[in-house]
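# Structure at a glance
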Amino acid sequence: MLMFLQTRSLLGVFEEDAAAISNYINQLFQAMHRVYDAQNELSAATHLTSKLLKEYEKQHFPLGGDDEVMTSTLQQFSKVIDELSSCHAVLSTQLADAMMFPITQFKERDLKEILTLKEVFQIASNDHDAAITRYSRLSKRRENEKIKAEVTEDVYTSRKKQHQTMMHYFCALNTLQYKKKIAMLEPLLGYMQAQISFFKMGSENLSEQLEEFLTNIGTSVQNVRREMECEIENMQQTIEDLEVASDPLYLPDPDPTKFPVHRNLTRKAGYLNARNKTGLVSSIWERQFYFTQGGNLMSQARGDVAGGLVMDIDNCSVMAVDCEDRRYCFQITSFDGKKSSILQAESKKDYEEWICTINNISKQIYLSENPEEIAARINQSALEAVTPSPSFQQRHESIRPLVQSRPTAAHTSSTGSVGSESATLSALSLDSLVAPDTPIQFDIISPVSEDLPGQAKSSGQAGRRANPFGESGGSKSETEDSILHQLFIVRFLGSMAVKSDESPDVVYETMRQILAARAIHNIFRMTESHLLVTCDCLKLIDPQTQVTRLRFPLPNVVLYATHQENKRLFGFVLKTSGGRVDNRQTSICYIFESNNEGEKICDSVGLAKQIALHAELDRKASEKAKEIERVREKQQKELSKQKQIEKDLEEQSRLIAASSRSNPSGGEGHFVVLSSSQSEDSDLGEDGKKKKEYET
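Position labels on residues start from 1 in each chain and follow its written sequence. Whole-chain, interface and lining totals are the exception, using all residues; otherwise, since this is a predicted model, local features are given only for residues with pLDDT of at least 70 and side-chain atom pairs are given and counted only at 80 or more. Excluded from the side-chain calculation are hydrogens and water; included are all heavy atoms of the structure.

The name an unreviewed UniProt entry assigns to the chain is DCC-interacting protein 13-alpha, from the organism Anas platyrhynchos platyrhynchos.

## Points about the overall build of the chain
Note the following rule: Only DSSP runs of H or I reaching four residues or more are called helices, and only runs of E reaching two or more are called strands; each is numbered from the N terminus. The buried label applies to any residue whose accessible area, calculated with a 1.4 Å probe on protein chains only, is under 20% of its type's maximum; exposed applies above 50%, and partly exposed to all values in between. By the convention used here, residues are in contact when the closest approach between their heavy atoms is within 4.5 Å. For the area figures, the Shrake-Rupley method with a 1.4 Å probe applies, and any residue is considered shielded solely by the protein chains shown.
The helix and strand inventory of the chain stands at 14 helices and 14 strands. Evaluated residue by residue, the chain yields a buried proportion of 41% over its 696 residues. Contacts spanning at least 24 positions in sequence make up 69% of the contacts within the chain whose residues lie at least 6 apart. Taken as a whole, the chain presents about 38600 Å² of accessible surface, with 51% of it coming from carbon and sulfur.

## Quick word on the side chain of arginine 549
What counts here: Here a polar contact means two N or O atoms within 3.5 Å. Within protein one must be a hydrogen donor candidate and the other an acceptor candidate, and residues neighboring in sequence count only if both atoms are side-chain atoms.
Among the secondary structure elements, arginine 549 is positioned in strand 11 (residues 548–553). A polar side-chain atom of arginine 549 sits 2.5 Å from a polar atom in the side chain of serine 529.

## Some thoughts on unusual backbone geometry
With a phi close to 60°, glutamine 364 is a non-glycine residue in the positive phi region. With respect to the helices, strands and loops of the structure, glutamine 364 is situated in the loop between helix 7 (348–362) and helix 8 (371–384). Given the relative accessible area of 33%, glutamine 364 is considered partly exposed. Phi angles above zero are rare outside glycine, and glutamine 546 is one such case at about 60°. Taking the relative accessible area as the measure of exposure, glutamine 546 reaches 22% and is therefore partly exposed.

## Focus: the confidence of the model for the chain
Threshold: A residue's pLDDT is the predictor's confidence in that residue, given on a scale from 0 to 100.
On average, residues of the chain score 76 in pLDDT, and 76% of them reach the 70 mark or higher. Low confidence marks residues 446–480, where pLDDT is under 50. Its contacts with residues over four positions away, or in another chain, come to 64 contacts. Every residue in residues 666–684 is under pLDDT 50, and counting partners more than four places away or in other chains gives eight contacts.

## Topic: the packing of aromatic side chains
The line we're drawing: For Phe, Tyr and Trp, rings pair up if their centres lie within 6.5 Å, where Trp contributes its six-membered ring, and each pair is then called stacked (planes under 30 degrees apart), edge-to-face (over 60) or tilted (otherwise). Geometrically, a charge over a ring is one whose NZ (Lys) or CZ (Arg) sits within 6 Å of the ring centre while staying within 35 degrees of the ring normal.
This structure, assessed with the given rule, holds 15 aromatic pairs. Pairing tyrosine 169 with phenylalanine 170 gives two aromatic rings, centres 6.3 Å apart and planes at 35°, and the pair type is tilted. It is lysine 107 that lies over the ring of phenylalanine 29; its NZ or CZ is 5.3 Å from the centre. Over the ring of tyrosine 271 we find arginine 287; its NZ or CZ atom is 4.2 Å from the centre of that ring.

## As for the packing of helix 3 (residues 68–83) against helix 5 (residues 145–198)
Rules: A fitted line through C-alpha atoms serves as each axis, taken over the contacting stretch for helices, and the angle formed by two N-to-C directions is quoted from 0 to 180°. Our angle categories are set so that under 35 degrees counts as roughly parallel, over 145 as roughly antiparallel, 65 to 115 as roughly perpendicular, and the remainder as oblique. Take the far helix as your reference; a near helix turned counterclockwise from it by less than a right angle gives a left-handed crossing, and one turned clockwise gives a right-handed crossing. Throughout this entry, Asp, Glu, Lys and Arg are counted as charged residues, while Ala, Val, Leu, Ile, Met, Phe, Trp, Tyr, Cys and Pro are counted as nonpolar. The remaining residues, Gly among them, count as polar.
Interaxial distance between helix 3 and helix 5 falls to 12 Å at its minimum, and their mutual angle equals 25°. The angle between the axes of helix 3 and helix 5 places the two elements in the roughly parallel class. The interaxial crossing formed by helix 3 with helix 5 has left-handed handedness. On helix 5, the residues touching Met70, Leu74, Phe77, Val80 and Ile81 of helix 3 are Lys181, Met184, Leu185, Leu188, Tyr191 and Met192. The residue makeup of the contact of helix 3 with helix 5, split by class, is 10 nonpolar, no polar and one charged.

## Some points on the pairing of strand 1 (residues 269–277)
Keep this limit in mind: Between any two strands, pairing holds if DSSP finds at least two bridges.
Bridging between strand 1 and strand 2 (residues 283–293) involves nine bridges; their strand directions are antiparallel. Among the inter-strand pairings, alanine 269 is bridged to a residue of strand 2, identified as phenylalanine 291. Counting the residues that bridge the hairpin from strand 1 to strand 2 gives five residues. In this sheet, strand 7 (residues 340–344) lies alongside strand 1 in antiparallel orientation, the contact comprising two bridges.

## Some points on the pairing of strand 7
Taking burial as the measure, the five residues of strand 7 include four buried ones, the bulk of the element. Bridging between strand 6 (residues 329–333) and strand 7 involves five bridges; their strand directions are antiparallel. From the neighbouring strand, phenylalanine 330 faces strand 7, where its bridge partner is leucine 343. The antiparallel pairing of strand 6 with strand 7 creates a hairpin that spans six residues between the two strands, and glycine 337 there sits at a positive phi of about 75°.

## Remarks on the pattern of salt bridges
Definition in use: The working definition used for a salt bridge is a side-chain nitrogen of Lys or Arg within 4 Å of a carboxyl oxygen of Asp or Glu.
A complete count under the given rule lists 20 salt bridges for this structure. We note a salt bridge from arginine 159 to glutamate 346, for which the minimum N-O separation is 3.0 Å. Residue arginine 159 is located in helix 5, and its partner glutamate 346 is located in the loop between strand 7 and helix 7; the two are separated by 187 residues in the primary sequence. The partner of arginine 568 in a salt bridge is glutamate 593, with the nearest N and O atoms 3.7 Å apart. Here the residue arginine 568 occupies a position in the loop between strand 12 (557–562) and strand 13 (569–581), and glutamate 593 occupies one in strand 14 (residues 584–594), the gap between them amounting to 25 residues. Glutamate 593 shares its class with arginine 568; the two are buried. Each of Lys268, Lys349, Asp350 and Glu353 takes part in salt bridges that share partners, so that together they form one network.

## With respect to helix 4 (residues 92–136)
Definition in use: Multiplying one less than the number of residues by 1.5 Å gives the expected span of a helix. The bend at a residue is defined as the angle formed between two axes, one fitted to the seven residues ending at that residue and one fitted to the seven starting there.
Taking 1.5 Å per residue, 45 residues should reach 66 Å; helix 4 reaches 62 Å between its end C-alpha atoms and fits that length. The largest bend in helix 4 is about 45°, located at methionine 100, with the proline proline 102 one to four residues further on.

## Remarks on helix 5
Between the first and last C-alpha of helix 5 there are 75 Å, a value that for 54 residues agrees with the 80 Å anticipated at 1.5 Å per step. By the largest-angle criterion, glutamine 177 marks the main kink of helix 5, which is about 35°.

## Regarding the sheet that holds strand 6
Across the sheet, which stays open at both edges, the seven strands sit in the order 4-3-2-1-7-6-5 with antiparallel pairing between neighbours. Looking at the sheet topology across the chains shown, the edges are occupied by strand 4 (308–312) and strand 5 (317–321). Sheet twist, expressed as the average angle between the axes of neighbouring strands with direction ignored, equals 40°.

## Section: the environment of valine 151
As for its placement among the helices and strands, valine 151 is situated in helix 5. Classification of valine 151 by relative accessible area gives buried; the value is 1%. With 16 residues separating them along the chain, valine 151 and tyrosine 135 place their C-alpha atoms 5.8 Å apart. For valine 151, the residues in contact, after removing those within four places along its chain, are Arg134, Tyr135 and Leu138.

Written out as structure tokens, the structure reads:
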């Protein structure tokens, strides 16, 4: 995973070793040059050379510094050079050919070649970084094919040039380990051979043992040279093979059909562009090296010794996002929703692999013994999830626990789905829950543009800005009088029509089918909204504009449940009151993802339905009391009328009696007429009687 960083670290060690070799060779060259230039100082120069040879074992070479054979050989040379410190100046010609030429060639050709290749490699790296930066800035909406082709060709050329110079530079560094031995041994061997030739007549100071030693050194030098040539040939062949095999990888966005996406990864590393805000509306993109370590996302800038923590990605959410100026962007949000990062991948392959890897890590698959195998099994289960199976129970054995192990306090609606038995559920077929080939809607079309049947909207409701905190602003909100106001952050996963709303298994099956369809079709985008729960309805509100996207009347929410294992998933079934299909009402199941608040949302919906139920019961009781009061008032009015009639009759009788006493002659006839009038009034109603009395 950290191959790139290890290569950079190893390159630094080789460069440090090359600098140490260059320093030591310069000192040895100066010593030998003193032997060549100054005949009078020949003895002192050879003594210094012997001293430097003795100090070889004290030198710190990161590579090969503990070579005991080399150390012992140089120690033996130092002893011989001490004996020959009084050589004559006539050796200068021989020393120029046998001693000064090899070390000069190594110093002027090989060491300078290393420095030149280092500069070329640095320039190629800078050109590659500039080309990558220009390629990353390509606009997605207004693509100029000519500019895109030029930028792509520039990335291809710079990347190929960097790769080639890097391989030649590494080859030269590896070859230097052999050349440094030759550069030190060959001049010494030439020097000694010149001394032997000069003192051929006086070779009494040179024993046969020394000649044998020099012969062995010459043989070793030849062996090292042959080994070096063989190694150079192998490295050249390796470079050619790598150039042929790596040619497709020079493209910044390779063909996904030739390089398939690995969706079972639990570890990944590579360069990404991170968006950092510099103001309220301005931002910059910074390219850094990112890698995963356990459940953490790490980043490391160039030149840093170690990586730093970016985010804890356990239980996080990752989704694709659209950026106006960049392609292949995705957003990672922490489990509590307080921290998020927007990153850009270089290619579509890396883009999908990063999303799949972070999604696998968020499920904590990396904690198992075989994380990639478990990830492959989960992805395979998702692919097989849309394959029809004989029964509902067999379909769910590998995805969720058995029905008998479910919690007893499952969140359901008030329509009577709590008492479902496990035997009844196991007998249900898949078609009785979700219709086959049912279309799935993965996104909200637009704010207040999805007019579901049964969702009556007034003319002034469309496009209304919701106030989730109950503050009054100009006009009165439809939920202003609601007792309950709870707001949750949710992401819409999808919705589909269902055939049953009698069991929570409908919600579980819908979750499984929507997640499986997203995995199969590589749909990572999710719409984030605010879910407002009130006693009247559920609302999906746009977090930016506060416009209500969807409104679900609470009485139509007949079933709601959260996933048994993943508490971030929850859903509810909405029964529409509009169009009917096959003489049955249409039910739609909506699935959402929250920040570990699925149970809280279900509890809030249940509380809202209870409050609404009690409010409805109180309303009916109040209406009934008002009706009783109206009947009682009506009866009281009738009783008052009856008493008034009786009072009027008594007054009339009193007047008749008084009239009879004042006119005794006609009293009997008048009494008969009044009696007849009263008898007629008995057949009239109460209103007629009253009218008759007033006429009389």
